[in-house]
Structure formats: structure tokens, C-alpha cells
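# Structure assessment
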Amino acid sequence: MTSPQTQSKVINLLRELVVATLDVLCHKLSKSRMTVLRALKSYGYFSSFNLNSSYFTLKDIPDFDKQGLWFHGSVGFSRYGSLTQTIKAIVEHSEKGYTVVELQKLLGTKVHNQLSLLCRKRMLTRFYVGRNCVYTSVEAKLQASQEAKRKGQLKKPEAISPIQVPPGLEVLTVIRLLIEMIHKPD
């Protein structure tokens with residue numbers, strides 16, 4: 001059991017630092033890892049979903065955005081907990097699912113392993129749009145809606161209009177000129 005005085009010191013230090021690793025807290029307070037962890041657990045905290053979950057902040061510090069994320073510099077925190085839980089929640093609440101690139105941009109960390117795990121455990125599904133894999137909910141109605149919205153945003157290719165050659169020039173002359181320009185750009 002951690003004393004109220006020790007807990008107060010841990011909480012006040014982390015409130016001052018906003019975000020810190022366990023090693024920093026232990027070093028600054030000259031306390032063991034277990035003592036600091038007990039104090040954090042009794043008060044309430046979030047650990048980062050990126051950077052190996054090695055950063056901590058107090059439960060009342062983050063101001064989460066509409067997707068449940070809060071960043072302090074490059075350190076990300078999520079109201080959902082771990083990176084895997086965060087990915088699942090974000091995909092489940094999305095209108096049109098997410099690609100790997102979109103998730104990595106949003107979360108600021110690699111997500112391939114977690115996406116593979118979530119699909120293997122049937123916690124997310126995926127479909128392809130061209131070469132891009134889009135991850136969606138496993139709930140049938142939501143999945144169908146996400147897929148339809150993603151495919152609906154794709155632009156249909158426009159018909160290629162024939163090249164208009166100025167009067168008096170033959171198409172073959174224009175093609176030869178373009179080839180010559182490619183070979184000798186100067």
C-alpha cells in the first residue's frame with residue numbers, strides 16, 4: 001500500500017511534467033517502480049498507445065479530440081487504451097473505414113501488426129479498393145455502409161477526349177516531334 005504522502009508526491013510531479021516515463025518519475029522521486037505504479041493506479045492514469053506504452057499522464061490531463069486521441073508532442077494517448085483497442089474503436093466509429101496509410105497518419109505510429117491481429121481475431125474486416133486495403137467493422141450493417149461510402153467516394157474515370165491537332169499538321173508529325181523532344185530535351 002502506498003502512503004497518501006507518497007501518492008501525492010507522484011501525482012504532483014506528474015501533473016507538473018504532464019507526460020513522463022516511469023523511469024523519470026522513479027528517478028526524480030527516488031521511489032521504486034512498484035511504488036510509483038501503485039500511486040498512479042490508485043489515482044488513475046493513461047499510458048501512451050505509441051512509443052511502447054512507456055509514457056504516462058494523469059487521467060484528468062488529456063483533452064481528447066472527437067476520435068478519442070490526445071497528443072503531447074509525439075506521445076499519443078487514447079481514451080480507448082492500447083494501440084490495438086484504439087485502432088478497433090476508431091475503425092468501428094468511422095464512416096468509411098481506414099487504410100493503413102490513413103491510420104498511420106492519424107496515429108503517428110505503425111499499425112500493420114495490430115491490423116493483422118485484429119483481422120485474425122475477427123475483430124475487424126477488410127476489403128480492397130484497387131491496391132489499397134480498407135479496414136472496416138465486423139458488424140454487417142456498419143461494414144456494408146462503410147464499404148459503400150468508401151467506394152462511393154471514388155471518382156469514375158472520365159472519357160479521354162481525342163487530341164486536337166492544329167489544322168495543317170498531321171498526328172504522325174506531332175508524335176515524331178514529341179519523341180524527338182523526349183530523346184533530346186535541350
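Structure: see above.
Residues numbered from 1 in each chain as written. Predicted model: local features only at pLDDT ≥ 70, side-chain atom pairs only at ≥ 80, totals over all residues. Heavy atoms only, no water.

## Quick notes on helix α2 (residues 22-29)
The complete set of buried residues in α2 reads Leu22, Leu25, Cys26 and Leu29. Buried residues along α2 cover an arc of 95° about the axis, so they all sit on one side. Set apart from the buried face of α2 by more than 90 degrees, the exposed residues are Asp23, His27 and Lys28. (Buried < 20%, exposed > 50% of the residue type's maximum accessible area, 1.4 Å probe, protein only. Helix = DSSP H or I, 4+ residues; strand = E, 2+ residues; numbered from the N terminus. Arc of directions from axis to C-beta.)

## Things to note about the pairing of strand β5 (residues 75-78)
A two-sided burial pattern is seen for β5, the buried positions comprising Val75 and Phe77 on one face and Gly76 and Ser78 on the other. Where strand β4 (residues 69-72) lies against β5, four bridges are found, and the strand directions are antiparallel. Among the inter-strand pairings, Phe71 is bridged to a residue of β5, identified as Gly76. Turn length for the β4-β5 hairpin, with the two strands adjacent in sequence and antiparallel, is two residues, and the turn residue Gly73 shows positive phi of about 65°. (Pairing = 2+ DSSP bridges.)

## Brief notes about the side chain of Thr57
Its place among the elements puts Thr57 in strand β3 (residues 55-58). Thr57 sits in the buried class, given a relative accessible area of 0%. Sequence-distant contacts of Thr57, that is, excluding residues within four places in its chain, are made with Leu14, Val18, Val19, Tyr45, Phe46, Pro62, Trp70 and Phe77. (Contact = heavy atoms within 4.5 Å.)

## A word on the layout of surface pockets
Its boundaries defined by the atoms lining it, the largest pocket holds a volume of some 170 Å³. As for the largest pocket, its lining consists of Lys66, Gln67, Tyr80, Ala89, Ile90, His93, Ser94, Glu95 and Tyr98. (1 Å grid on protein atoms, 1.4 Å probe; cavity = no way out; pocket = protein on both sides within 12 Å on 5 of 7 lines; lining within 4 Å. Points joined across faces, edges and corners; volume = space filled by probe spheres on them.)

## Details of a nonpolar patch on the surface
A contiguous nonpolar surface patch, about 340 Å² in accessible area, is contributed by Val171, Leu172, Ile175 and Ile179. Among the secondary structure elements, Leu172 is positioned in helix α8 (residues 171-183). The exposure class of Leu172 is partly exposed, given its relative accessible area of 46%. (Patch = residues over 30% accessible without salt bridge, like charges linked within 9 Å, V, L, I, M, F, W, Y side chains within 5 Å. Areas by Shrake-Rupley, 256 points an atom, 1.4 Å probe, with all protein chains shown as cover. Salt bridge = Lys/Arg side-chain N within 4 Å of Asp/Glu carboxyl O.)

## Some remarks on the pattern of salt bridges
Applying the stated criterion across every chain, the model contains six salt bridges. Put simply, Glu102 and Arg150 hold a salt bridge, and the shortest N to O gap is 2.8 Å. Linking Glu102 in helix α5 (residues 100-107) with Arg150 in helix α7 (residues 140-152), this pair joins segments that are 48 residues apart in sequence. In this structure Glu102 comes out as partly exposed when scored by relative accessible area, which is 29%. What makes Arg150 buried here is its relative accessible area of 5%.

## Brief notes about the nonpolar core
By size, the foremost hydrophobic cluster in this structure holds 17 residues, and its most contacted members are Ile87, Leu103, Leu107, Val111, Leu115 and Leu124. When contributions to this core are tallied by element, the ones reaching two or more residues are α4 (83-92), α5, α6 (112-120) and β8 (132-136). Of the residues forming this core, the biggest block, four residues, is contributed by α4. Apart from the residues lying within four places of it in its own chain, the contact partners of Leu107 are Phe49, Asn50, Leu69, Phe71, Leu83, Thr86, Ile87 and Ile90. In terms of nonpolar packing, the next biggest core, distinct from the first, is built from 14 residues, Ala20, Cys26, Leu40 and Phe56 among them. (Core = buried A, V, L, I, M, F, W, Y, C linked by side-chain atoms within 4.5 Å.)

## Let's talk about the pairing of β3
Sheet topology note: the strand β1 (residues 20-21)/β3 ladder contains two bridges and is antiparallel. By the bridge assignment for β3, Thr21 is matched with Tyr55. Sheet analysis places strand β2 (residues 45-47) next to β3, joined by three bridges and oriented antiparallel. Considered in β3, the bridge of Phe46 is made with Thr57.

## Some thoughts on the side chain of Gln146
With respect to the helices and strands, the residue Gln146 is situated in helix α7. When sequence neighbours within four positions are dropped, the list of residues in contact with Gln146 reads Val91, Glu92, Ser94, Glu95, Lys96, Gly97, Thr136 and Ser137.

## With respect to the packing of α4 against α6
Each pair of packed helices gets described by two things: the angle between the helix axes and the distance between those axes. Here α4 crosses α6 at 70°, and the two axes come no closer than 10 Å. By the angle class used here, α4 and α6 are roughly perpendicular. Considering the relative orientation of α4 and α6, their crossing is right-handed. In this structure, α4 uses Leu83, Thr84, Ile87 and Lys88 to contact α6, whose residues at the interface are Gln114, Leu115, Leu117 and Leu118. Per-class residue counts for the contact of α4 with α6 are five nonpolar, two polar and one charged. (Axes fitted to C-alpha atoms, helices over the stretch in contact; angles between N-to-C directions. Parallel < 35°, antiparallel > 145°, perpendicular 65-115°, else oblique. Left-handed = near helix turned anticlockwise from the far one by under 90°. Nonpolar A, V, L, I, M, F, W, Y, C, P; charged D, E, K, R; others polar.)

The values reported here are purely geometric and, on their own, carry no functional implication.
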